[in-house]
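Here's the letter readout for the chains.
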Amino acid sequence: MPLYASVEYPVNVSSDGAEIVIDFDLGRSFLWDLYGTREFTLFPWLRAISTAATGAIAGTVTTDYSGPIEPVPNASITVCSRSPAILRARST
């Protein structure tokens, strides 16, 4: 199956070059057939974007729960641009 990357807006590339990220959007890639087979259909949704437009977050998740401050192994974080509660309130 061929995969295509959507370029949602023109990607600015300076004369020095740019780093382009190919992002797999998991939430848009699996379509649920609610009224038919009640199964997921894979519709790969990829997007190409310049890293200059995405920003970055770096750091280490730590805890002092058991005494000294130490890194949390296998930590997972979620970053939202707005409060999920606000997004739900607007969608209803």
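Within each chain, residue numbers correspond to sequence positions counted from 1 in written order. It should be noted that, the model being predicted, local features are given only for residues of pLDDT at least 70 and side-chain atom pairs only at 80 or more, the latter also being counted only at that level, while totals for whole chains, interfaces and linings use all residues. Side-chain numbers come from the whole structure's heavy atoms, not from hydrogens or water.

Turning our attention to the overall build of the chain. Within the chain, the regular secondary structure consists of three helices and seven strands. Comment: elements are numbered from the N terminus, with helices defined as DSSP H or I runs of at least four residues and strands as E runs of at least two. Order of helices (α) and strands (β) in the chain, N terminus to C terminus: β-β-α-β-β-β-α-β-β-α. Using a 1.4 Å probe on the protein chains alone, a residue whose accessible area is under 20% of its type maximum counts as buried, one over 50% counts as exposed, and one in between counts as partly exposed. Relative to its full complement of 92 residues, the chain shows a buried share of 7%.

To continue, consider the side chain of Ser29. Topologically, Ser29 is positioned in helix H1 (residues 26–29). The contact rule is simple, with two residues in contact once any of their heavy atoms fall within 4.5 Å. Leaving out residues up to four positions away in the same chain, Ser29 has contacts with Phe24, Thr41, Leu42, Phe43, Pro44 and Trp45.

Our next topic: the pairing of strand E5 (residues 46–50). Where burial is concerned, most of E5 is hidden: four out of the five residues are buried. Any two strands with at least two DSSP-identified bridges between them are counted as paired. The pairing of strand E2 (residues 20–24) with E5 spans five bridges and is antiparallel. The residue of E5 that forms the bridge with Ile22 is Ala48.

For the rest of this paragraph, the subject is a nonpolar patch on the surface. Patch membership needs two things, relative accessible area over 30% and no salt bridge, and members are linked within 9 Å if like-charged or within 5 Å if nonpolar (Val, Leu, Ile, Met, Phe, Trp, Tyr). Areas reported here follow the Shrake-Rupley algorithm with a probe of radius 1.4 Å; residue values treat only the protein chains shown as occluding. We define a salt bridge as a contact between a side-chain nitrogen of Lys or Arg and a carboxyl oxygen of Asp or Glu at a distance within 4 Å. On the surface, Phe24, Leu26, Phe30, Trp32, Leu34, Tyr35, Phe40 and Leu42 cluster together into a nonpolar patch covering about 900 Å² of accessible area. Of all the elements in the fold, those that place two or more residues in the nonpolar patch are strand E3 (30–32) and strand E4 (40–42). Position of Tyr35 relative to the elements: it lies in the loop between E3 and E4.

On a scale of 0 to 100, pLDDT captures the predictor's confidence in every residue. Averaged over the chain, the pLDDT score is 76; the fraction of residues at 70 or greater is 75%. Confidence drops under a pLDDT of 50 for residues 87–92, and excluding neighbours within four residues, the segment shows two contacts in the predicted structure.

Here the focus is unusual backbone geometry. One non-glycine residue, Arg38, lies in positive phi territory at about 55 degrees. Here the phi dihedral of Asn74 falls at roughly 55 degrees; this positive angle occurs in a residue that is not glycine. Looking at the element boundaries, Asn74 is found in the loop between strand E7 (70–71) and helix H3 (84–91). The exposure class of Asn74 is exposed, given its relative accessible area of 79%.

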